[in-house]
Amino acid sequence: MSIISLININYTYPLEEKQTIHSLSLDLEKGCVYGLTGANESGKTTICNIIRGFIPELYKGELTGEVMIKGKNINDYNIGDLATIIGYSFQNPFTQLSGVKDTVYEEIAYGMENIGVPRSKMIQKVDEIVKMFQLEDLIDKNPFELSGGQKQRVAIASVVALDPEIIILDEPTSQLDPKSTEDIFEIIQLLKKQGKTILLVEHKVDLLAAYCDEILLISRGELVMQGPVKEILSNPKVVEYGGQLPQVALYFIKKAKANGSSVSQVPLTVQEVYDHLNKDGEV
Amino acid sequence: MDSRIGNLYPSSKFTFIILIILLSMLVPGFIFQYMIFLFIFLISLFSGTAIKFLSTFMKSIPILILFIFIFQVFLIVNEDSQQIWAFIHFSQIGLMTSLTMTSKIVAISSSIIWFFQVTRVKDIIYALEQSGVSQKVTFVIASTIQLIPQMLNLSRTIADAQKSRGIETEGTLFVRMKAFIPMIGPLVLSSIQQIEERVLALESRAFSSKAKKTSIYELRKQKIDYIIVIFCILVLIVYIVWRIKL
């Protein structure tokens, strides 16, 4: 059974005539990392909001179709309690702080306070999360005084602290430097090892290639491609749909085409390029 | 705030403030009220906030006192008013009224200033939640206090952006007022947009969960807190009984 199922979803925002999402159906399996990519305004964040239940609970508009979470219709869940099943971190780090806590330590605990976790358990969990996200130096700081990247890390940490089975990360690295970006992807890998299902909205396809199991490509509100990373990110059609291919793959795709060989086995990550060249005796 | 007084439970300090306010209103004359100011200053010395206390007090209260004093003594005409020049009079009754009135303002305002300087916002919020105040109410209080500096930062950013586009934002009062008007639009709009995003962020932290809330922050009432509350109630009762008997 899929952990998330979208069945024939159509959605139009209030006061808009054009549908943002049309005829979208997809199934996401437990424990996998899904990379959701596509051009700007293609509907990625809208899909995340539908899965999380913010549409139609907080954003009105016209929604048809069914959203099933763990085999149960999303309408049967309380939107507040869904936070313990689906964690959602947003693109803008400046507005995803609670605004009521004056230390990072308390900010991380805020979600657990809302679901009534006993204090001793909360302390234990926050300590664990602080270590996991390497936030030791920030715990006594006011969350509003952090840099954009630090705020983003704290926001993701606060969501992960609720221990949800599904985690949606909407462009989590948009404000981060390369080192912090790598750190976040390391955490994603760690979460995957813990059996979490992760839906990652990201434009950095090189990283999606390295860390995801499957890619979902959205174009103008439609799911145009879905499949294993290797299959999707080596397919030149991705570019036609407004997506991107990993930089390292482009050269090998061109080479494969020139040789008339299949593009499905081209290397997509730096490691794969290294292995590929090593195999050919070029390094 | 980390002093012994600062670490008292907020409701103990609040009971003390209520006592001060009631006594300031009930005790006739003005000497007692001015003595309260000195007493509060003394407590702020022990709380380690004396300089901050004086600075805040001097920035706000003297202007108000001066205004009342001028009005009562020189402008309002009483039975004993003696003309000095044109509409300016001197009145002994006005002087006494202004002293009585301002002494109450001084006593009450100084105690409130002291309370907020020695009590953390999160302590107040915690105490309110423990006393059964709705989480939605405490959220509004806490977020307003936290978000005011953020709004100021946002307005500064907008002002800088406008300055970089050639709008004059500094100079005479008229220039500043002119620069303020185009700033209101972006400030209000971006604040509204931020509210929408913040609602989603709160929901992703289970804000509307039906579960009974807990708190990682803990503040416990000590023996001294109970003593202070009982002492304040006793003082008030004794004073009222004494006044009735008089």
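These figures come from a predicted structure and were not determined experimentally.

J.: Is there a simple way to think about the overall build of chain B in this case?
T.: Of regular secondary structure, chain B possesses eight helices and two strands. Start at the N end of chain B and walk to the C end: the helices and strands fall as α-α-α-β-β-α-α-α-α-α. Its C-alpha radius of gyration of 24 Å places chain B more than 25% over the 18 Å reference for a compact globule of 246 residues. Going through the 246 residues of chain B one by one, you find that 19% of them count as buried. At a minimum sequence separation of 6, the contacts of chain B that also span at least 24 residues come to 69%.

J.: Looking at this structure, how should I read the overall build of chain A?
T.: For chain A, the count of helices and strands is eleven helices and ten strands. Taken against the 2.2 N^0.38 rule, which gives 19 Å for 283 residues, the C-alpha radius of gyration of chain A at 20 Å falls within 12% of a compact globule. Dimensions of chain A, computed from the C-alpha atoms along their principal axes, are close to 65 × 45 × 35 Å. Counting every position in chain A, which comprises 283 residues, the buried fraction comes to 46%. In chain A, the share of contacts with a sequence separation of at least 24, taken over all contacts with a separation of at least 6, comes to 64%.

J.: I tried to follow the UniProt feature "transmembrane region" (unreviewed entry) in chain B on my own but got confused; where do I start?
T.: All names here are of chain B. UniProt's feature table lists "transmembrane region" (unreviewed entry) at residues 12-30, 36-54, 61-78, 84-116 and 224-242, given in the numbering used throughout. Annotated as residues 84-116, this span is 76% helix and 15% strand, and its ends, taken at the C-alpha atoms, are 43 Å apart. In residues 224-242, the share of helix is 100% and the share of strand is 0%. The end C-alpha atoms are 26 Å apart.

J.: Any chance you could explain the confidence of the model for chain B here in plain terms?
T.: Detailed reading of predicted coordinates is not advised where the pLDDT is low. Scored by pLDDT, chain B has a mean of 88; 99% of the residues are at 70 or more. Among the prediction metrics, the complex's ipTM stands at 0.84, with pTM recorded as 0.82.

J.: I would appreciate a short explanation of the sheet that holds strand S9 (residues 214-219) of chain A in the present structure.
T.: Two orientations exist for strands paired in a sheet by backbone hydrogen bonds: parallel and antiparallel. Residues and elements named next belong to chain A. If you walk across this open sheet you meet the six strands as S6-S7-S8-S3-S9-S10, and the pairing is mixed. Looking at the sheet topology across the chains shown, the edges are occupied by strand S6 (86-89) and strand S10 (222-228). Each neighbouring strand pair of the sheet contributes to a mean axis angle of 15°, computed without reference to strand direction. Pairing analysis gives five bridges linking strand S7 (residues 166-170) to strand S8 (residues 197-201), with the strands arranged parallel. Across the sheet, the residue bridging to Ile167 is Ile198, located in S8. Seen against the sheet, helix H1 (residues 44-52) touches strand S3 (33-38), S6, S7, S8 and S9 and runs at an angle of roughly 155° to S7. In the packing of helix H5 (residues 148-160) onto the sheet, the strands contacted are S6 and S7, and the crossing angle to S6 comes to about 170°.

J.: In this structure, what is going on with the nonpolar core? I would like to understand it.
T.: Within soluble globular proteins, side chains that are nonpolar generally end up buried alongside one another. Residues Ile108, Leu200 and Leu233 of chain A are the most contacted members of the largest nonpolar core, which totals 88 residues. Ignoring sequence-local partners within four residues, the contact set of Leu200 of chain A consists of Val33, Tyr34, Gly35, Leu36, Leu169, Ile188 and Cys212 of chain A. One finds Phe16, Leu19, Ile20 and Val118 of chain B within the second-largest nonpolar core, a separate group that totals twelve residues.

J.: Would you mind showing me how to read the sheet that holds strand S2 (residues 21-28) of chain A here?
T.: All names here are of chain A. On the basis of which strands lie adjacent, the open sheet formed by four strands has the order S2-S1-S4-S5 and antiparallel pairing. Lying at the two open borders of the sheet, with one neighbouring strand each, are S2 and strand S5 (72-73). Examined bridge by bridge, strand S4 (residues 62-69) and S5 share two bridges and lie antiparallel to one another. Residue pairing across strands places Ile69 opposite Lys72, the latter belonging to S5. With respect to the sheet, H1 is in contact with strand S1 (4-12), S2 and S4, its orientation differing from that of S1 by roughly 120°.

J.: Would you mind showing me how to read the interface of chain A and chain B here?
T.: Interfaces are often described in size by the accessible area the parts lose on coming together. Listed as interface residues are 36 residues of chain A and, on the opposing side, 30 residues of chain B. Breaking the side of chain A that touches chain B down by element, the ones donating at least two residues are S6, helix H3 (104-114), helix H4 (119-132) and H5 of chain A.

J.: Explanation requested: the pairing of S10 of chain A in the structure shown.
T.: Every other side chain in a regular strand lies on the same face of the sheet, so the side chains alternate between the two faces. Residue and element names in this part refer to chain A. Here S9 runs beside S10; their pairing, made up of six bridges, is antiparallel. What sits directly across from Ile215, in S10, is Gly227. Between the end of S9 and the start of S10, which pair antiparallel, lie two residues, with Arg220 showing a positive phi angle near 45°.

J.: Looking at this model, I keep getting lost on the packing of helix H1 (residues 10-26) of chain B against helix H8 (residues 223-245) of chain B. Mind explaining?
T.: Residues and elements named next belong to chain B. Running from amino to carboxyl end, H1 crosses H8 at an angle of 15°, the nearest separation of the two axes being 9 Å. Classed by the angle they form, the pair H1 and H8 counts as roughly parallel. When you trace H1 past H8, the crossing you get is left-handed. Listed contacts from H8 to Ser12, Thr15, Phe16, Leu19, Leu22, Leu23 and Leu26 of H1 are Asp225, Ile228, Val229, Cys232, Val235, Leu236 and Tyr239. The residue makeup of the contact of H1 with H8, split by class, is eleven nonpolar, two polar and one charged.

J.: When you look at the pairing of S4 of chain A in this model, what are you seeing that I'm missing?
T.: All names here are of chain A. As paired elements, S1 and S4 share seven bridges and run antiparallel to each other. For Ser5, the partnering residue across the bridge sits in S4 and is Met68. Connecting S4 to the next strand, S5, in antiparallel fashion are two residues, including Lys70 with a positive phi near 50°.

J.: Sorry, what's going on with the domain arrangement of chain B here?
T.: Structurally, chain B comprises domain 1 (10-119 + 218-245) and domain 2 (135-203). Taking only C-alpha atoms into account, the centre of domain 1 of chain B sits 35 Å from that of domain 2 of chain B.

Scoring rules and cut-offs
Residues numbered from 1 in each chain as written. Chains lettered and ligands numbered in written order. Predicted model: local features only at pLDDT ≥ 70, side-chain atom pairs only at ≥ 80, totals over all residues. Helix = DSSP H or I, 4+ residues; strand = E, 2+ residues; numbered from the N terminus. Rg over C-alpha atoms; globule rule 2.2 N^0.38 Å. Buried ≥ 20, exposed ≤ 12 C-beta atoms within 10 Å, placed from the backbone. Contact = placed C-beta atoms within 7 Å. UniProt positions renumbered as here; feature names shortened; annotations may be inferred. pLDDT = per-residue confidence, 0-100. Pairing = 2+ DSSP bridges. Axes fitted to C-alpha atoms, helices over the stretch in contact; angles between N-to-C directions. Core = buried A, V, L, I, M, F, W, Y, C linked by C-beta atoms within 7 Å. Parallel < 35°, antiparallel > 145°, perpendicular 65-115°, else oblique. Left-handed = near helix turned anticlockwise from the far one by under 90°. Nonpolar A, V, L, I, M, F, W, Y, C, P; charged D, E, K, R; others polar. Domains from an automatic or database assignment.

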